[in-house]
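Coordinate inspection notes
Chain by chain, the residues run as shown.
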Amino acid sequence: TGASGSEIMTLIYQQIQFTKKREMGFSKDNILYVITTPKLLNGFSSLKQNLLNTGVVSQVSLSNASPMSMYSNGGGFTWKGKNSNEDVLVTIVATDNNFNKTFGIPLKEGREFSETEKMDSANVIINESLAKLMGKEGHAGGQISQGDGPRLTIIGVTKDFLYNDVSSINPAPLLFYHAPSYASAIYMRVKSTNDVQNVVSKLQSVFKNADATVPFDYHFLDDDFDKKFRQVSFISSLATIFGGLAIFISCLGLFGLSAF
């Protein structure tokens, strides 16, 4: 029992290290975000250009979620060849045309959304996991619909990337809508974080000019990842503690038996 307990703790440690160092499928470094306001959304085109003009920002995107917080999902999706008795829960993300570039998520096939929201209002981008579930229909040019809604054309398939659960093996099915007007945050990839104060100062100036009614409250995506990882580490630590207690109790039992 002691040996098996030690093996369990070793496996837990290895799992923590694997989770910390594994390839996520997207780049979380040098990304910070700011919660949107109606004024920032309405003037986003000008705001985006001003952010790029600072020289410290390389990519800007609007979305209602980052890979650390994609919690909106729904069922009722259908496509040609789907088993009508099975329902699939799909993660749904509203975004603009620059989300994948900002987060470094590569396309496996197809194209990105266009700059004009109306041009791709009936088009979607899906991840590999959903494409595999859809079988022959899971490709650029395939079609998918939800409930009684209109048929949506798949224009692109992203390579799978991990989201929400940093310790998961395979990501859940995911679908991107081109709907930047529903965005809740502005995500920015900065060129370097060697001089954070300089970066923040320049960004703060741009946001203040765009909407002076709210403070410049920014967050780094790295911090969100660390919070997720701390949760995994905490649970793993609890498992290690209880595993150690199990070994100790087993040893007490063996000692009592031998004494008897």
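Residues numbered from 1 in each chain as written. Predicted model: local features only at pLDDT ≥ 70, side-chain atom pairs only at ≥ 80, totals over all residues. Heavy atoms only, no water.

What to know about the overall build of the protein chain
The number of helices and strands found in the protein chain is seven helices and twelve strands. By the burial criterion, 44% of the 260 residues in the protein chain qualify as buried. Counted over contacts in the protein chain with a minimum sequence separation of 6, partners at least 24 positions apart contribute 76%. (Helix = DSSP H or I, 4+ residues; strand = E, 2+ residues; numbered from the N terminus. Buried < 20%, exposed > 50% of the residue type's maximum accessible area, 1.4 Å probe, protein only. Contact = heavy atoms within 4.5 Å.)

Let's talk about the packing of aromatic side chains
Applying the stated criterion to the full structure yields nine aromatic pairs. On the numbers, 5.4 Å between centres and 50 degrees between planes, the contact of F99 with F176 is tilted. Of the two residues, F99 sits in helix 4 (residues 99-103) while F176 sits in strand 10 (residues 174-178), which places them 77 residues apart along the sequence. We note that F99, like F176, is buried. Taken together through their ring pairs, the aromatic side chains of Y33, F99, F103, F176 and Y187 make up a single cluster. Its guanidinium or amino end placed over the ring of W79, K82 lies 5.7 Å from that ring's centre, counting from NZ or CZ. (Phe/Tyr/Trp six-rings, centres within 6.5 Å; stacked < 30°, edge-to-face > 60°. Lys NZ or Arg CZ within 6 Å of the ring centre and 35° of its normal.)

Some remarks on the packing of helix 3 (residues 44-53) against helix 6 (residues 196-210)
Two numbers describe a pair of packed helices, the interaxial angle and the distance between the axes. At a minimum axis separation of 10 Å, helix 3 and helix 6 run at an interaxial angle of 160 degrees. Taken together, the axes of helix 3 and helix 6 lie roughly antiparallel to each other. Crossing angle aside, the handedness with which helix 3 passes helix 6 is right-handed. Seen from helix 3, the contacting residues are L47, N50 and L51; seen from helix 6, they are L203, V206, F207 and A210. (Axes fitted to C-alpha atoms, helices over the stretch in contact; angles between N-to-C directions. Parallel < 35°, antiparallel > 145°, perpendicular 65-115°, else oblique. Left-handed = near helix turned anticlockwise from the far one by under 90°.)

Notes on the pairing of strand 1 (residues 31-35)
Summarising burial for strand 1: four of the five residues are buried, a large majority. Where strand 1 and strand 11 (residues 185-190) come together, five bridges link them in antiparallel fashion. Residue V34 lies in a different strand from strand 11, and its bridge partner there is I186. With three bridges connecting them, strand 1 and strand 12 (residues 218-220) associate as antiparallel partners. Across the sheet, residue Y33 finds its bridge partner in strand 12, namely H219. (Pairing = 2+ DSSP bridges.)

Section: the pairing of strand 9 (residues 152-158)
Looking along a regular strand, one sees the side chains alternate between the two faces of the sheet. When you tally the buried positions in strand 9, you get six out of seven residues, the bulk of the element. The pairing of strand 6 (residues 107-110) with strand 9 spans three bridges and is antiparallel. Residue pairing in the sheet places G110 in a bridge with G156 of strand 9. Both strand 7 (residues 123-127) and strand 9 contribute to a ladder of five bridges, which runs parallel. Bridge pairing in strand 9 places N127 opposite T158. Across two bridges, strand 8 (residues 143-146) lies against strand 9 in antiparallel orientation. Across the sheet, I144 pairs through a bridge with L152, a residue of strand 9. Hairpin geometry of strand 8 and strand 9 is characterised by an intervening segment of five residues between the two adjacent antiparallel strands and by a positive phi of about 60 degrees at G147.

Quick word on the pattern of salt bridges
In total, this model carries four salt bridges according to the counting rule given. For K28, the salt bridge goes to D29, with nearest N and O atoms at 3.7 Å. Put simply, K28 and D222 hold a salt bridge, and the shortest N to O gap is 3.3 Å. Here D222 lies in helix 7 (residues 221-259) and K28 lies in the loop between helix 1 (2-21) and strand 1, a separation of 194 residues in the sequence. (Salt bridge = Lys/Arg side-chain N within 4 Å of Asp/Glu carboxyl O.)

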